[in-house]
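# Per-entry structural report
In case you want the letters, here they are:
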Amino acid sequence: MSLQAGLYDFKLTEEQELRAQRLHEQNINVDLLFQGPLSPSAIPASVSERIRALSEPYRDEPMVYSSIPAKWVTKLAAGGDIPQYKEEWFKSGITAGNRELHLNDMDSLITSMGEVQLQFDANDWLIKALTAGDIRSAKQSGKVAGIVTAQETDALGTNLELLEVLHNFGLRILQLTYNKQNLIGSGCAEQANGGLSNFGVRFVQRMNELGIIVDTGHCGKQTTLDACKVSSTPVIASHTGVEAIYPHMRCKSDEEILAIAGTGGVIGIFAMPWFVHEDPDHTTIDHVLDHMEYVIRLAGVDHVGIGTDWPMSDLDWSLVYFKEHIAPKLGFAPGDGPSVETVKGLEKYSYFINFTRGLVARGYSDDDIAKIMGGNWLRVFEQICG
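Predicted model only: the values in this text are computed from it and were never measured. (Residues numbered from 1 in each chain as written. Predicted model: local features only at pLDDT ≥ 70, side-chain atom pairs only at ≥ 80, totals over all residues. Heavy atoms only, no water.)

### Details of the pattern of salt bridges
Between side chains of opposite charge, pairing is possible as soon as their charged atoms come close. On inspection of all chains with the given rule, the structure shows 16 salt bridges. When the shortest N-O distance is used, the salt bridge between arginine 59 and glutamate 56 registers 3.9 Å. The class for glutamate 56 is partly exposed, based on a relative accessible area of 37%. Its salt-bridge partner being arginine 206, residue glutamate 164 comes within 3.2 Å of it at the nearest N-O pair. Here arginine 206 lies in helix α8 (residues 198-210) and glutamate 164 lies in helix α7 (residues 161-169), a separation of 42 residues in the sequence. The partly exposed category is assigned to glutamate 164, whose relative accessible area is 36%. The network of salt bridges with shared partners includes Asp286, Asp290, Glu293 and Arg362. (Salt bridge = Lys/Arg side-chain N within 4 Å of Asp/Glu carboxyl O. Buried < 20%, exposed > 50% of the residue type's maximum accessible area, 1.4 Å probe, protein only. Helix = DSSP H or I, 4+ residues; strand = E, 2+ residues; numbered from the N terminus.)

If you want it as structure tokens, here you go:
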């Protein structure tokens, strides 16, 4: 049978294709590190050039210049100038994806709160998910849910009261560290591998009290293990891979995977071509599924989910600039992504059904596919956030 555009060739029978379609439509599908719904290939060239012109005055300020394109994408999408924003999300079949705050400093915290809220205010089909019930309601009403998350904590300093402010805004998932060392602990690129600080312990405990999910995606090994010991609620890794398959600093060891699972948590597998396979130009969704299957064999099907982290709502020219000028400052080795490569089978978010199709191809039951595609994330969200 001929494949529709965007469908990866898993060599499914017609019966299997129909089953995959049914499951994808009925399941609650969650991408917990969701840079979409747009990808560079879904953004018209005319919009890309318009944003390039708007960004050019900031060329001498690398960090600002790199961040502006994604902000303009959000603003133009909210204004209706990029109808693909809604189209890609609904074509993907994703019930819920995160909406990300940036907590690098106080300026980025305030700015990103405004940008995230604008997405909810401008789109009546996008609801802010404060509870698991909100995600289920979105599914039932034909809408989609945005889960407010953040990947860094630098803007908070040692002010734990700001955690409550962010929780009141809607923050439900917070990563303890990015790649480097911070006040809480060591990131995955930190040579010292120092684990949680004393303040980090109090930080995790306060997250537990508020009902904010502890995320260890970019955390170093000891920080991850410490978080699993300290947290009284399930710990997650929203977007990572398996070190035993591809030994990259962004991947988790067996010990970390088992520790996270031991808390009742979930390991989200990413679709970053540079982090799951040795050749980013020939990374496929099958390679991503290999990482998922490893976690399932090691820790069980209740402890794996999806956190693609790619492709990004950005532009090709901006991503190239990011790789050359910004990524090294964030702890990534030269040439070590992120850039313009994408996983074959996930070039656009509208191809998200390929996850369901791949799980069908690998022989998983309906119940297990429902867990992997979003049920496991929903379970943790419900336990911690209500």
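### Points about the layout of surface pockets
One way to see where empty space is left: roll a probe the size of a water molecule over the atoms. In this structure, the largest pocket occupies an estimated 1,400 Å³ of space. Around the largest pocket, the lining is made up of 50 residues, and of these Glu100, His102, Asn104, Glu152 and Met312 lie nearest the centre. Residue assignment for the lining of the largest pocket shows that the elements contributing at least two residues are α3 (62-78), β2 (96-101), α5 (106-122) and α13 (316-326). The biggest single contributor to the lining of the largest pocket is α3, with eight residues. In this structure, the second largest pocket is lined by 24 residues; those nearest its centre are Gln4, Leu7, Gln21, Ile353 and Arg357. Within the residue set of the lining of the second largest pocket, elements represented by two or more residues are α1 (14-26), α4 (84-92) and α14 (353-361). (1 Å grid on protein atoms, 1.4 Å probe; cavity = no way out; pocket = protein on both sides within 12 Å on 5 of 7 lines; lining within 4 Å. Points joined across faces, edges and corners; volume = space filled by probe spheres on them.)

### Points about the packing of α3 against α5
Two elements in contact, α3 and α5, have axes separated by 9 Å at closest approach and are oriented at 25°. Here α3 is positioned roughly parallel relative to α5, judged by the angle of their axes. The handedness of the crossing between α3 and α5 comes out as left-handed. Contact residues: α3 offers Lys71, Thr74 and Ala78, while α5 offers Thr111, Glu115, Leu118, Gln119 and Ala122. Looking at the contact of α3 with α5 residue by residue, the classes come out as three nonpolar, three polar and two charged. (Axes fitted to C-alpha atoms, helices over the stretch in contact; angles between N-to-C directions. Parallel < 35°, antiparallel > 145°, perpendicular 65-115°, else oblique. Left-handed = near helix turned anticlockwise from the far one by under 90°. Contact = heavy atoms within 4.5 Å. Nonpolar A, V, L, I, M, F, W, Y, C, P; charged D, E, K, R; others polar.)

### Details of the confidence of the model for the protein chain
Put simply, the protein chain has an average pLDDT of 95, and 99% of its residues get 70 or more. When the elements of the protein chain are averaged for pLDDT, α13 gives the smallest value, 87, and strand β6 (residues 213-215) the largest, 99. (pLDDT = per-residue confidence, 0-100.)

### Quick word on the nonpolar core
In terms of nonpolar packing, the biggest core is built from 97 residues, with Leu101, Leu174, Leu176, Phe203 and Phe355 touching the most fellow members. Ranked by residue count, the leading element in this core is helix α12 (residues 285-299), at eight residues. Apart from residues no more than four positions distant in its own chain, phenylalanine 355 is found in contact with Ile285, Val288, Leu289, Met292, Ile306, Thr308, Leu346 and Met373. In terms of nonpolar packing, the next biggest core, distinct from the first, is built from 20 residues, Ile28, Leu32, Ala138 and Val380 among them. (Core = buried A, V, L, I, M, F, W, Y, C linked by side-chain atoms within 4.5 Å.)

### Some words on the packing of aromatic side chains
Overall, the coordinates contain 15 aromatic pairs when judged by the stated rule. Seen in terms of ring centroids, phenylalanine 270 and phenylalanine 275 are 5.6 Å apart; in terms of plane orientation they differ by 50°. Their pairing is tilted. For the residue pair phenylalanine 270 and phenylalanine 275, the accessibility class agrees, reading buried in each case. Pairwise contacts between aromatic rings join Phe34, Tyr85, Trp89, Phe90, Trp125 and Tyr349 into one cluster. Stacked on the ring of phenylalanine 90, the Lys or Arg lysine 86 has its end atom at 5.7 Å from the ring centre. (Phe/Tyr/Trp six-rings, centres within 6.5 Å; stacked < 30°, edge-to-face > 60°. Lys NZ or Arg CZ within 6 Å of the ring centre and 35° of its normal.)

### Looking at empty space enclosed by the protein
Counting across every chain of the model gives two cavities of 30 Å³ or more. What the largest cavity holds in volume is close to 60 Å³. Val30, Leu32, Ile135, Ile147, Ile173, Ile213, Ile236, Trp377, Leu378, Val380 and Phe381 are the residues that line the largest cavity. Among the elements that make up the lining of the largest cavity, the one with the highest residue count is helix α15 (residues 366-385) (four residues).

### Remarks on the state of the cysteines
For the coordinates displayed, the defined rule picks out zero disulfides. Free of any disulfide, cysteine 228 has its nearest cysteine sulfur in cysteine 219, 9.6 Å distant. Cysteine cysteine 385 shares no disulfide, and the gap to the nearest cysteine sulfur, in cysteine 228, comes to 17 Å. (Disulfide = S-S within 2.5 Å.)

### Brief notes about the side chain of histidine 239
As for its placement among the helices and strands, histidine 239 is situated in strand β7 (residues 235-242). Here glutamine 151 takes part through its side chain, which lies 3.1 Å from a polar atom of the side chain of histidine 239. A polar contact is formed between the side chain of histidine 239 and the side chain of serine 238, at a distance of 2.7 Å. Discounting residues that sit within four places of it in the chain, histidine 239 has contacts with Leu33, Gln151, Gln175, Gly217, His218, Arg250, Gly268, Phe270, Gly307 and Asp309. (Polar contact = N/O pair within 3.5 Å; in protein donor to acceptor, adjacent residues only side chain to side chain.)

### A closer look at the pairing of strand β4 (residues 144-150)
Counting buried positions over the seven residues of β4 gives seven, a clear majority of the element. Neither face of β4 is left uncovered, since the one carrying Val144, Gly146, Val148 and Ala150 and the one carrying Ala145, Ile147 and Thr149 both have all their residues buried. Of the pairings in the sheet, the one linking β2 to β4 comprises six bridges and is parallel in character. The partner of arginine 99 across the bridge, within β4, is valine 148. Pairing of strand β3 (residues 126-128) with β4 involves three bridges; the strand directions are parallel. Within β4, the residue paired with leucine 126 across the bridge is valine 144. Handedness of the β-α-β unit built from β3, helix α6 (residues 132-141) and β4 comes out right-handed. In this structure, β4 lies alongside strand β5 (residues 171-175), joined through three bridges in parallel fashion. (Pairing = 2+ DSSP bridges. Right-handed = clockwise from strand over helix to strand, strands pointing away.)

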